Each structure stands twice: as structure tokens, then as C-alpha cells.
Amino acid sequence: MFVYILAFLKNAIYGLSVFFVGDFTEKVDFLDVLSLRYLLSFTVLWLLKNLKIMKIGVGAKDFFSKNKRSPYLKYIVLAALFKPVLEMLFETLGISMTTGITAAVILSLSPVMSCIAEGVLLKEKTTVMQKVFLSIGILGVLYIAINTSPSGGKDSVLGILFLIL
């Protein structure tokens, strides 16, 4: 049960961050917003590690000495580069160049795209329950998009491309 609560909190925080980032980028430069996101992420991880809530097993020493993780370091570096760095950069740029509803719709469809990519690239099969909940998510996105009045903002093709990336 605890895992479900944490998953809900993670998704709620992520969903709300899209709207907060959208508001912030209207008032300040997107690089300032991006640096604030990185600072907040670093602070939370640092607190979790130092309060011994979470154990982080990879450190600087792993890059300078041979150990059992050495063959996997290139994958760790790639994951560290693509997930938080490039994803947050593209997301922040995309949100700053599009309206809030456009950003929310595109970002909320990422689980669907992940499921499709898993099927195509990894040959994984989705269960009926996964298909049902993905369909509910798509219907929810469509409902919100249809029932939201257009705002005064403008969507740019480059912003949409950044969000997709």
C-alpha cells in the first residue's frame, strides 16, 4: 500500500510541476526555472541520503577505481545525462513555448508512448488491465483538452517538438 501512495505522490508532484513551470517561465527566464528545478532535486536527494532514508551506492570513487560496477558506468552516465538533464531541459523549454493545456496533453501521453515503445522495441505484451488504464488516461486527456477554453497563449512548433523529445 505504501508503494501506491508514493507512486501517487510522485505523479501528483510531477503533474503539478508542469503548471508551476508554466507559470514561472512566464515571469522569469527558462534557465532560471531549470536551475531551480535542479537545485530542488539535488537538495531533496542530498537530504534523503544524509538522513539515511535512501542509500545511493554510486559515487565519484567509482569513476576512478576498478570495481564490480566499472563495466556499467557508461550506462549510468548515459542514464544520468538523458533522464534528468535532457528531459528537464526539453520539458522546460517546451513548457515555456506552449500553452499549459498543450504541454499537459503532450506530457500526459508519455505513458502511452512508453507502452508502445516497450511493445515495439522490447517485444513486451501489455495486459488487459494496462490497456484499460491507458485508455482511461487517454479519455481523461481528451476530456480535458475538449472542455478547456483556449488561453491567450500561443503554441510554437518548436515547443511541441521539445515536449515530444
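The following refers to the structure shown. These numbers were taken from a predicted model, which means no experiment stands behind them. (Residues numbered from 1 in each chain as written. Predicted model: local features only at pLDDT ≥ 70, side-chain atom pairs only at ≥ 80, totals over all residues. Heavy atoms only, no water.)

1. Focus: the nonpolar core
Val 18, Val 21, Val 33, Ile 95, Ala 103, Leu 107 and Leu 163 together form the largest nonpolar core, which totals 7 residues. Secondary-structure elements contributing two or more residues to this core are α1 (2–27) and α5 (100–108). Here Val 33 is in contact with Val 21, Phe 24, Thr 25, Val 28 and Thr 92, once residues within four sequence places are set aside. (Core = buried A, V, L, I, M, F, W, Y, C linked by side-chain atoms within 4.5 Å. Buried < 20%, exposed > 50% of the residue type's maximum accessible area, 1.4 Å probe, protein only. Helix = DSSP H or I, 4+ residues; strand = E, 2+ residues; numbered from the N terminus. Contact = heavy atoms within 4.5 Å.)

2. Some details on the packing of α1 against α5
It is at 9 Å that the axes of α1 and α5 come closest, and there the two elements cross at 150 degrees. In this view, α1 runs roughly antiparallel relative to α5, as classed from their interaxial angle. Pair α1 / α5 crosses with right-handed handedness. Across the interface between the two elements, Tyr 14, Val 18 and Phe 19 of α1 pack against Gly 100, Ala 103, Ala 104 and Leu 107 of α5. By residue class, the composition of the contact of α1 with α5 is 6 nonpolar, 1 polar and no charged. (Axes fitted to C-alpha atoms, helices over the stretch in contact; angles between N-to-C directions. Parallel < 35°, antiparallel > 145°, perpendicular 65-115°, else oblique. Left-handed = near helix turned anticlockwise from the far one by under 90°. Nonpolar A, V, L, I, M, F, W, Y, C, P; charged D, E, K, R; others polar.)

3. Comments concerning the packing of aromatic side chains
Taken as a whole, this structure holds 1 aromatic pair when the rule is applied. Seen from their ring centres, Phe 90 and Phe 162 are 5.7 Å apart, and the 15 degrees between their planes marks the pair as stacked. Of this pair, Phe 90 sits in helix α4 (residues 73–97) while Phe 162 sits in helix α8 (residues 157–164), and the two are 72 residues apart along the sequence. For Phe 162, a relative accessible area of 15% puts it in the buried group. (Phe/Tyr/Trp six-rings, centres within 6.5 Å; stacked < 30°, edge-to-face > 60°.)

4. Digging into helix α2 (residues 30–50)
For α2, spanning 21 residues, the distance from its first C-alpha to its last is 30 Å, which sits close to the expected 30 Å at 1.5 Å a residue. Every buried residue of α2 is accounted for by Val 33, Leu 34 and Arg 37. Down the axis of α2, the sector holding all buried residues measures 105 degrees, keeping them to one side. Turned more than 90 degrees away from the buried face of α2, the exposed residues are Leu 39 and Phe 42. Here the buried face of α2 lies against α1 and α4. One or two positions beyond α2, positive phi appears at Lys 52, with a value near 60 degrees. (Expected span 1.5 Å × (residues − 1). Arc of directions from axis to C-beta.)

5. Examining a nonpolar patch on the surface
Residues Val 58, Phe 63, Phe 64, Tyr 72, Tyr 75, Ile 76, Val 77, Leu 78, Leu 81, Phe 82 and Val 85 make up a contiguous nonpolar surface patch of about 1,100 Å² in total accessible area. Broken down by secondary-structure element, the contributors of at least two residues to the nonpolar patch are α3 (61–64) and α4. Tallying contributions element by element places α4 first for the nonpolar patch, with 7 residues. The topology assignment puts Tyr 75 in helix α4. (Patch = residues over 30% accessible without salt bridge, like charges linked within 9 Å, V, L, I, M, F, W, Y side chains within 5 Å. Areas by Shrake-Rupley, 256 points an atom, 1.4 Å probe, with all protein chains shown as cover. Salt bridge = Lys/Arg side-chain N within 4 Å of Asp/Glu carboxyl O.)

6. Side note on the packing of α5 against helix α7 (residues 128–147)
Where α5 meets α7, the closest approach of the two axes is 10 Å, and the angle between their N-to-C directions is 170 degrees. Considered as vectors, α5 and α7 are oriented roughly antiparallel to each other. Between α5, through Ile 101, Val 105 and Ser 108, and α7, the contact on the second element is made entirely by Val 141, Ile 144 and Ala 145. When its residues are assigned to classes, the contact of α5 with α7 shows 5 nonpolar, 1 polar and no charged.

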